[in-house]
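Each chain is listed here by its residues.
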Amino acid sequence: MQMNKNDQTPNKNDVYPELSLNVITRQEHNISRKHISDNALKVLYRLHGAGFEAFLVGGGVRDLLLDQNPKDFDIATNATPEEIRQLFKNCRLIGRRFRLAHIMFGRDIIEVATFRGHHQETTKNVSQQSKEGMLLRDNVYGTIDEDAERRDFTINAMYYNIGDYSIHDYAGGHEDLEDRLVRLIGDPQTRYREDPVRMLRAIRFAVKLDFDIEEDTAAPIEDMSHLLQDIPAARLYEESLKMLQSGYGLETYHLMREYNLFQQLFPLIASDFTQDYSSKTEQMLDLVLDSTDIRIEQGKRINPAFMFAAMLWYPLLARADMLMAKRKLSEYDAIMEASNYILDEQVRTIAIPRRHTATIREIWQLQLRLPRRNGKRAFRLMELNKFRAGFDFLEMRGEIETGETEQLAKWWQTFQNAGREMRQAMVSDLESDTPEQGKKRRRKPYRNKKNKVSSS
Ligand code: ATP
Ligand code: MG
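Residues numbered from 1 in each chain as written. Chains lettered and ligands numbered in written order. Predicted model: local features only at pLDDT ≥ 70, side-chain atom pairs only at ≥ 80, totals over all residues. Heavy atoms only, no water.

*Asks:* Can you walk me through the nonpolar core in this structure?
*Replies:* Taken as a class, soluble globular proteins show a tendency for nonpolar side chains to be buried jointly. Counting residues in hydrophobic clusters, the biggest one holds 106 residues, and the most contacted among them are L47, F262, M311 and W364. Looking at which domains feed residues into this core, each of domain 1 (19-120 + 128-179) and domain 2 (371-430) gives three or more. (Core = buried A, V, L, I, M, F, W, Y, C linked by side-chain atoms within 4.5 Å. Buried < 20%, exposed > 50% of the residue type's maximum accessible area, 1.4 Å probe, protein only. Domains from an automatic or database assignment.)

*Asks:* For this particular structure, what's the right way to read the pattern of salt bridges?
*Replies:* Oppositely charged side chains are able to pair whenever their charged atoms sit close together. Tallied over the entire structure, the rule returns 16 salt bridges. In this structure, E194 engages R198 in a salt bridge whose closest nitrogen and oxygen atoms are separated by 2.8 Å. We classify R198 as buried; its relative accessible area is 7%. For R388, the salt bridge is made with D392, and the minimal N-O distance between the two is 3.3 Å. Pair noted here: R388 and D392 are both in helix α22 (residues 387-401), with a separation of four residues, about one helical turn. Judged by relative accessible area, which is 21%, D392 ranks as partly exposed. (Salt bridge = Lys/Arg side-chain N within 4 Å of Asp/Glu carboxyl O. Helix = DSSP H or I, 4+ residues; strand = E, 2+ residues; numbered from the N terminus.)

*Asks:* Can you walk me through the packing of aromatic side chains in this structure?
*Replies:* Tallying each qualifying case throughout the model produces 19 aromatic pairs. The cationic tip of R373 hangs over the ring face of W411; the distance from NZ or CZ to the ring centre is 4.7 Å. (Phe/Tyr/Trp six-rings, centres within 6.5 Å; stacked < 30°, edge-to-face > 60°. Lys NZ or Arg CZ within 6 Å of the ring centre and 35° of its normal.)

*Asks:* Whenever I open this one, the UniProt feature "active site" (unreviewed entry) in the chain confuses me. Can you help?
*Replies:* The UniProt entry lists D72, D74 and D152 under the feature "active site" (unreviewed entry), expressed in the numbering used here. With respect to the helices and strands, the residue D74 is situated in strand β3 (residues 74-77). Excluding residues that lie within four positions of it along the chain, D74 makes contacts with F55, L56, V57 and E111. Along the chain, D152 turns up in the loop between α6 (144-150) and β9 (158-161). Exposure remark for D152: the relative accessible area of 9% places this residue in the buried category. Every residue in contact with D152, bar those within four places of it in the chain, is listed here: R183, L184, I185, R191, R198, R201 and F205. A polar atom in the side chain of D152 sits 3.0 Å from the side chain of N156. (UniProt positions renumbered as here; feature names shortened; annotations may be inferred. Contact = heavy atoms within 4.5 Å. Polar contact = N/O pair within 3.5 Å; in protein donor to acceptor, adjacent residues only side chain to side chain.)

*Asks:* Mind showing me how you'd approach helix α24 (residues 420-433) here?
*Replies:* Helical periodicity: at 3.6 residues per turn, an α-helix aligns residues three or four positions apart in one direction. Taking 1.5 Å as the rise per residue, α24 with 14 residues should run 20 Å; its terminal C-alpha atoms sit 20 Å apart, in good agreement. What α24 keeps buried is the set R423, M426, V427 and L430. For α24, the arc enclosing every buried residue in end-on projection is 90 degrees, short of the 170-degree limit, so these residues lie on one face. More than 90 degrees from the buried face of α24, the exposed residues found are E421, D429 and S432. In this structure, the buried side of α24 is in contact with α21 (377-383) and α23 (403-417). (Expected span 1.5 Å × (residues − 1). Arc of directions from axis to C-beta.)

Structure representation (structure tokens):
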């Protein structure tokens, strides 16, 4: 394929086409102050009262126009971070890449950003680009039109003006909202190169809002997906939670996968992918993401560790099987060593925090312990902190593996619901089946052949 020179270095007007402002007056839209949080309103009015321009922007405006509840309310202003700080006692300046003000109201935080400008002149300490064209630092202040041009999608570049309650639509976001389209502002390739995370955001908004991704916005994604490898693992961890734990995880995973994006974030998992989505890893992904979505809908707590543990379980078993075959490790040792390998590999792309990797290991180890129920073991297992997670995990495995695993999950289900005597009887039954269990083998790693975990 021939590369046109302009493809590599588009000039300013290709990247940031002149946007034209469309003002939607108060009479012409459905956003009412009733739907904006009190804290966001306080901040908007204080800025405005001090003579600054103050707008609600981004997801807040987009979601209100769609009659949805915004996740948060972001504010944009022509006041500089220092000026913002002087207006608010409860203000903290944060961020290196983007300098932002956080106005704190207890646990509620309102984010206030100063309009950002272009970064054509590479003045070292204000704006910096990597050789891939990625923005590293970005602290040039600008006008509201420039701020609009720098936003990702047209539907995210609408500003609600607290001065007269009108909406300033710079990039045709209102029309795209009506057409239900996720469309990047400017030249898609350049915008993805500047910040590859925009590819993930395109998928996320398409699923969450049930919009289509506009053709030119969608076209370059697959070829550019590998650019995600340059993004710091900490940022990708945050993004992966937004993708998979915001209530639309299952659909988001499927769409990410179509664009070769999921594969960049989870290479170990992707190596199990099949044409017909039939591997155990793929079955597990469907199960765990579906149940996460359902829990969120029911307002239940969700734990990222549980999700990652499930997603990585069959890659873990494959690795452990390999270690048992090649190095003749016991099952226990093989799982331990494979756990280290799998987690070390995964945190290279997605920086899962240590407190979660510790839980992931616990859930995995419990899978080795749940088959061993004789004597007092079953009673003790049930008292463990992570028992519930370990059991829920076993139930999902049962659905996929059927057979012994399914039986074991059913046993535990009955055991939990049973009274004291019934529990004792269930344990005694086990002991009469396998009389020698638990006597001599105390010190050796135990291998229950019947319930042996296996990835085949
Ligand atoms: P939600 O909060 O529902 O996930 P949002 O659109 O508010 O959606 P945020 O991540 O809160 O998304 O960002 C707020 C706004 O900042 C966006 O609407 C967009 O205008 C701008 N923005 C965020 N991330 C980027 C990015 N990577 N590139 C360009 N603009 C961005
Ligand atoms: Mg937001």
